[in-house]
Amino acid sequence: MSEIYNFSAGPAMLPKQVLSQIQAELVEYGNAKASVMEISHRSVDFMQMAQKAEQDLRDLMNIPSNYKVLFLQGGASAQFSMVPINLLRGKTNVNYANTGHWSVKAIAEAQRYAQVNICTDSTSNKFTDIEDFANWKIDESAAYLHYTPNETIAGLEFDFIPEVDMPIVADMSSTILSREVDVSKFGVIYAGAQKNIGMSGTTVVIVREDLIGDVVPKQPILFDYATQANNDSMHNTPSTFSWYAAGRVFEWLKEQGGIAEMAIINERKANKLYQAIDSSDFYSNPVNPQYRSWMNVPFILADDKLDKLFLEKSYNANLLALKGHKSVGGMRASIYNAMPESGIDTLIEFMADFEKQYG
Ligand SMILES: *Cc1c(COP(=O)(O)O)cnc(C)c1O
């Protein structure tokens, strides 16, 4: 049987090596005489693992020492609430860039706490383009600016960081660890683990220390960054297994040569796939080439009546989860760090064969 490649947008595939390692140590973790699922989060074995995971992430992303790294629950969606709760700091107005589906969700939640200035809006181009930053309408008095560096559904990715005189908050759920970023440019970075970190259940939050500790009153104590930071993300029981899985992925990334190396591979993988799409009249991608995502590659077939057949045949060829999001239609190949280059080659080959037969 041919190798299986999973193009799911999230929860997404994990490196095979990591899955095998998890399998090998599932029943007895290290010297714990029990599974990592069965031991206290305050046990020496777990604490050592947790600290190493944090240190490995700090090494990988070069996180400055004045930032806390938190391993929280509630997904990226919980951060849609935690960000305004923690960062308003007496202000009532905030900037949000609206560049896609996840921006829309973040904005809706922020509007429950603050007056949201939409500083740029890609709705009219159906989230296929990003407005020139010089034309953004920034509210200079706002508490922060929030944006989504990679929109997972439309496959729209920033190639720049907005330059503003206020904390920048980034939902990096589907791009974290895919390329190098200068963490010091951000107030808060957050990412659900189930795309490019590991499995669902953990959200990594990287927050600058001076932004911790002035929370909107009468909010859940778990939603206060200070509660989490002061208790090493263990005010209550964390999602121990997914924290552990994230740690194993960080180790794998270090073995691959770190983020600089992953970025080279990711750019090559994405370019190959876009090139295959662009060189055919049968497949197309509507995103401005400058802002095409390295991680999520949507494409449509010239005749959408063939969608069902494409999905059936690709599934039978062991190319899984290529169905696009309903708002975009067609297909989407999510090609996170764990997707080997051979998966891209196999997909491109399949697409060419399908076009030859039905195009
Ligand atoms: C998947 C995703 C989310 C939602 O994450 P949850 O963990 O389900 O809350 C938010 N933002 C982006 C950019 C995503 O890709």
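Reading the values: rules and limits
- Residues numbered from 1 in each chain as written.
- Predicted model: local features only at pLDDT ≥ 70, side-chain atom pairs only at ≥ 80, totals over all residues.
- Heavy atoms only, no water.
- Core = buried A, V, L, I, M, F, W, Y, C linked by side-chain atoms within 4.5 Å.
- Buried < 20%, exposed > 50% of the residue type's maximum accessible area, 1.4 Å probe, protein only.
- Helix = DSSP H or I, 4+ residues; strand = E, 2+ residues; numbered from the N terminus.
- Domains from an automatic or database assignment.
- Contact = heavy atoms within 4.5 Å.
- Near = heavy atom within 4 Å.
- Polar contact = N/O pair within 3.5 Å; in protein donor to acceptor, adjacent residues only side chain to side chain.
- Areas by Shrake-Rupley, 256 points an atom, 1.4 Å probe, with all protein chains shown as cover.
- Nonpolar A, V, L, I, M, F, W, Y, C, P; charged D, E, K, R; others polar.
- Salt bridge = Lys/Arg side-chain N within 4 Å of Asp/Glu carboxyl O.
- Pairing = 2+ DSSP bridges.
- Axes fitted to C-alpha atoms, helices over the stretch in contact; angles between N-to-C directions.
- Phe/Tyr/Trp six-rings, centres within 6.5 Å; stacked < 30°, edge-to-face > 60°.

1. Overview of the nonpolar core
The nonpolar side chains of soluble globular proteins are, as a tendency, buried together. Core analysis: the largest hydrophobic core is formed by 57 residues, its most contacted members being Leu177, Ile197 and Phe250. It is helix 6 (residues 240-255) that contributes the most residues to this core, 9 residues altogether. Summarising the domain contributions, this core has at least three residues from each of domain 1 (16-255) and domain 2 (258-358). Leave out the neighbours within four places in its chain, and Ile197 touches Ile176, Leu177, Ala191, Gly192, Val204, Ala246, Val249 and Phe250. Residues Trp294, Ala333, Met339 and Phe354 belong to the second largest nonpolar core, which totals 32 residues.

2. A few points about the environment of Asp281
Inspection of the secondary structure puts Asp281 in the loop between helix 7 (258-278) and strand 11 (283-284). For the pair Asp281 and Lys16, spaced 265 residues apart in sequence, the C-alpha to C-alpha distance is 35 Å. Each residue touching Asp281, except ones within four places of it in the same chain, is listed here: Ala302 and Glu355.

3. A look at the site of the ligand
Lining the immediate environment of the ligand, one finds 13 residues, of which Ser77, Thr152, Asp171, Gln194 and Lys195 sit closest. Between an oxygen atom of the ligand and a side-chain N or O atom of Lys195, the distance comes to 2.7 Å. With the chains in place, 86% of the 390 Å² that the ligand exposes on its own is no longer accessible. If you tally residues by element for the shell around the ligand, the top one is helix 3 (residues 75-87), at 4 residues. Tallied by class, the residues present in the shell around the ligand amount to 3 nonpolar, 8 polar and 2 charged.

4. Overview of the domain arrangement of the protein
One can read the domain layout of the protein as domain 1 (16-255) and domain 2 (258-358). Across the contact, 25 residues belong to domain 1 and 25 residues belong to domain 2. Here domain 1 is connected to domain 2 by 0 salt bridges. Inspection of the region where domain 1 meets domain 2 yields 13 residue pairs in polar contact (both at pLDDT 80 or more). Looking at the side of domain 1 that touches domain 2, the elements with two or more residues in it are strand 7 (156-157) and helix 6. In terms of residue count, the dominant contributor to the side of domain 1 that touches domain 2 is helix 6 (3 residues). Counted by class, the side of domain 1 that touches domain 2 contains 9 nonpolar, 9 polar and 7 charged residues.

5. Description of the sheet that holds strand 3 (residues 93-98)
Across the sheet, 7 strands lie side by side as 2-10-9-8-5-3-4; this open sheet has mixed pairing. Strands at the two margins of the open sheet, each flanked by one partner only, are strand 2 (67-72) and strand 4 (115-121). Shown here is a sheet whose adjacent strand axes are inclined to one another by a mean of 15 degrees, direction ignored. Pairing of strand 8 (residues 168-171) with strand 9 (residues 188-192) involves 3 bridges; the strand directions are parallel. Each bridged residue has a counterpart across the sheet, and for Asp171 the counterpart in strand 9 is Tyr190.

6. As for the pattern of salt bridges
Within this structure, the stated rule accounts for 19 salt bridges. Ionic pairing is found between Arg248 and Glu25, a salt bridge with its closest N-O pair at 2.6 Å. You can see Arg248 sitting in helix 6 and its partner Glu25 sitting in the loop between helix 1 (16-24) and helix 2 (44-61), a full 223 residues away along the chain. We classify Glu25 as buried; its relative accessible area is 14%.

7. Digging into the sheet that holds strand 14 (residues 331-334)
Taken in spatial order, the 3 strands line up as 11-12-14 in an open sheet, and their pairing is antiparallel. Two strands bound the open sheet, and with one partner strand each, they are strand 11 and strand 14. One ladder, built from 2 bridges, connects strand 11 with strand 12 (residues 296-301); its direction is antiparallel. By the bridge assignment for strand 12, Tyr283 is matched with Leu301. Its contacts with the sheet put helix 7 on strand 11, strand 12 and strand 14, and the angle it makes with strand 12 is roughly 15 degrees.

8. With respect to the packing of aromatic side chains
Taken as a whole and assessed by the stated rule, the structure comprises 22 aromatic pairs. Seen in terms of ring centroids, Phe46 and Trp243 are 5.8 Å apart; in terms of plane orientation they differ by 85 degrees. Their pairing is edge-to-face. A residue pair is termed long-range when its members are at least 10 positions apart, and Phe46 in helix 2 and Trp243 in helix 6 qualify at 197 residues. By relative accessible area, which is 0% here, Phe46 ends up buried. Among the residues examined, Trp243 registers a relative accessible area of 3% and is labelled buried. Centroid distance Trp136 to Phe160: 6.2 Å. Interplanar angle 65 degrees. Geometry classified as edge-to-face. With a gap of 24 residues between them, Trp136 in the loop between strand 4 and strand 5 (145-147) and Phe160 in the loop between strand 7 and strand 8 connect regions that are remote in the sequence.

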